[in-house]
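What the coordinates show
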Amino acid sequence: MKIHEYQAKQILARFGVPIPPGEVASTPEEAEEAARRLQKRVVVKAQVHVGGRGKAGGVKLARTPEEAGDAARRIIGMDIKGIAVRKVLVEEAADIAEEYYLGITLDRAVRRSVVMVSAVGGVDIEEVAAETPEKIARLHVDPAMGLADFQIRQVCYASGIRKTAVGPASKFLRALYEAYTATDASLFEINPLALTKDGQVIAADAKINIDDNALFRHPDFQEYQEESEEDPIEAEAHRRHIQYVRLGGTVGIIGNGAGLVMATLDEVKRAGGAPANFLDIGGGARAELVRNALEIVLMDREVKGVVFNVFGGITRCDEVAKGILEATAAMKICVPLVVRLTGTNEREGRALLTGTNLIPAETMQEAALHIVNLVG
Ligand code: GDP
Ligand code: MN
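As the structure is a computational prediction, the values presented were derived from the model and not from experiment.

Examining the overall build of the protein
Across its full length, the protein holds 13 helices and 19 strands. Within the span of the protein, comprising 376 residues, buried residues form 48% of the whole. Within the protein, contacts between residues separated by at least 24 positions form 67% of all contacts whose residues are at least 6 apart in sequence. Carbon and sulfur atoms make up 50% of the accessible area of the protein, which totals about 18400 Å². Of the side chains in the protein, 45 bear a positive and 53 a negative charge, and the two mean positions are spaced by 2 Å.

Digging into the nonpolar core
Counting 42 residues, the largest nonpolar core has Leu12, Leu102, Val115, Phe172, Leu176, Phe188 and Ile190 as the members making the most contacts within it. For this core, the element with the highest residue contribution is helix α6 (residues 163-182), accounting for 10 residues. Excluding residues within four positions of it along the chain, Phe188 makes contact with Leu12, Leu102, Gly103, Ile104, Leu176, Ala179, Tyr180, Thr183, Lys207 and Ile208. In terms of nonpolar packing, the next biggest core, distinct from the first, is built from 30 residues, Ile254, Val303, Val310 and Leu358 among them.

Structural notes on the site of ligand 1
In the vicinity of ligand 1 there are 15 residues, among which Lys45, Arg53, Gly54, Ala94 and Glu99 approach most closely. In the environment of ligand 1, an oxygen atom lies 3.1 Å from a nitrogen or oxygen atom belonging to the backbone of Asn191. Summarising the interface, the protein chains cover 80% of the accessible area of ligand 1, which totals 560 Å² for the free molecule. For the shell around ligand 1, the secondary-structure elements that each account for two or more residues are β3 (42-46), β8 (96-107) and β11 (185-196). Classifying every residue of the shell around ligand 1 gives six nonpolar, five polar and four charged. Residue-level mapping places the shell around ligand 1 at the junction of two domains, with at least three residues from each of domain 1 (21-92) and domain 2 (96-223).

A few points about the domain arrangement of the protein
The domains assigned to the protein are domain 1 (21-92), domain 2 (96-223) and domain 3 (232-375). Taking only C-alpha atoms into account, the centre of domain 1 sits 43 Å from that of domain 3.

Some thoughts on a positive patch on the surface
On the surface, Lys2, Lys55, Lys81 and Lys207 cluster together into a patch of positive charge. Mapped onto the secondary structure, Lys81 falls in the loop between β5 (79-80) and β6 (83-84).

What counts as what
- Counting starts from 1 at the beginning of each chain's written sequence and moves along it residue by residue.
- Whichever chain is written first is A, and whichever ligand is written first is 1; the rest continue in order.
- For a predicted model such as this one, the threshold for reporting local features is a pLDDT of at least 70, and the threshold for listing and counting side-chain atom pairs is 80 or more; totals across whole chains, interfaces and linings nevertheless cover every residue.
- The side-chain figures draw on all heavy atoms in the structure; neither hydrogens nor water molecules are used.
- Under the scheme used here, helices are H or I runs from DSSP no shorter than 4 residues and strands are E runs no shorter than 2 residues, and both carry numbers assigned from the N terminus.
- Buried, partly exposed and exposed residues are distinguished by accessible area as a fraction of the type maximum, computed with a 1.4 Å probe on protein chains only: under 20%, between the cut-offs, and over 50%, respectively.
- Residues are treated as being in contact if the distance between any of their heavy atoms lies within 4.5 Å.
- Residue exposure ignores everything except the shown protein chains as possible cover, and the areas themselves are Shrake-Rupley values with a 1.4 Å probe.
- Positive: Lys, Arg. Negative: Asp, Glu. His and the chain ends are not part of the count.
- For this purpose, a charge sits on NZ of Lys, CZ of Arg, CG of Asp or CD of Glu.
- We define a nonpolar core as any set of buried Ala, Val, Leu, Ile, Met, Phe, Trp, Tyr and Cys residues linked to one another through side-chain atoms lying within 4.5 Å.
- Any residue with a heavy atom lying within 4 Å of a molecule or strand is counted as near it.
- Definition of a polar contact: a pair of N or O atoms within 3.5 Å, with one able to donate and the other able to accept a hydrogen when the atoms are protein atoms, and with sequence-neighbouring residues admitted only if both atoms are side-chain atoms.
- Residues are sorted three ways: Asp, Glu, Lys and Arg are charged, Ala, Val, Leu, Ile, Met, Phe, Trp, Tyr, Cys and Pro are nonpolar, and all the rest, Gly among them, are polar.
- An automatic or database domain assignment provides the domain bounds reported here.
- Within the patch definition used here, like charges are joined within 9 Å and nonpolar side chains (Val, Leu, Ile, Met, Phe, Trp, Tyr) within 5 Å, considering only residues with over 30% relative accessible area and no salt bridge.
- The rule for a salt bridge is simple: a side-chain nitrogen of Lys or Arg has to be within 4 Å of a carboxyl oxygen of Asp or Glu.

Right under this line is the structure:
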């Protein structure tokens, strides 16, 4: 789960990681008032789940509350890499002397978390890693031992940051690592880590990803979850507990079992079509479940046809067919539906579909060709 910078900073503050004081705002007026309360020069920052906001014009400095309001007026509603900005973070502008980089993430190859520190911050770290990897100091953390103070100092020294910054940066990293483990994060990225003119080290930017599999341990992150979804259809599917991923094509796809659905995506592609989505209805095929799935898939206006690919194991194909018929009878559907049923009671299932608007198919390949031809 991705969370916004302002939310990441709330988490950091809880663990004693130094951040600039700030407030989140949804309107220019709120931004202006926030700047007035802060009584300092502020920076107004777009809150979207993509990097490179600075380059896109989504980060602006403001000397007065009026300027902060103007900056917010220009940023809210702005489109950054396809995402509309709805909120801005207004925070005290740091007087930055130098910009560093500090990251913690899981290194799957080594099966340990890795701490990365670099004196080259404020820029694309992927570029630094590709062109001058020696400029990033790395430290793999033994999960049983944790981080020792001497290791923290070592990695900070090795990074090439200013000697006077090593002390505060070490303290910063200590607190950051505590926050990283306590929140079950998969990524913490502070870029830039700002060394201010008065020698303090603070998080000017903060990016946090939380491991979805650990979310049940963090009920307090619930409020972040709603906002973590940018796509309205994916958000609705999530509310209905349906596994759905939007893919942007025109062929809607519904199946049972993630593997079968992915194989169906491949077949649709091979037949020359463009899958609109991934949707796994899982076990069972009650009409209500099928209806929910169809409703979600058809919320996407690009969908010109839908293919069902169902394997009857414990769930019998005639039950599935009944579910589909019941659901479609209660809905107004204007696109062709191709249904491929196989497994337990497949003949009974297919028999139920004859004489209806549903188009039966015997194999997955046939179903894919059918729907791609119909969609055109
Ligand atoms: P990103 O472009 O999405 O990574 O957004 P950042 O929060 O990293 O901001 C981009 C750049 O804006 C930083 O590298 C800084 O140079 C600048 N910036 C951000 N916050 C401040 C601040 O408080 N003071 C100053 N002077 N510059 C800032
Ligand atoms: Mn940044």
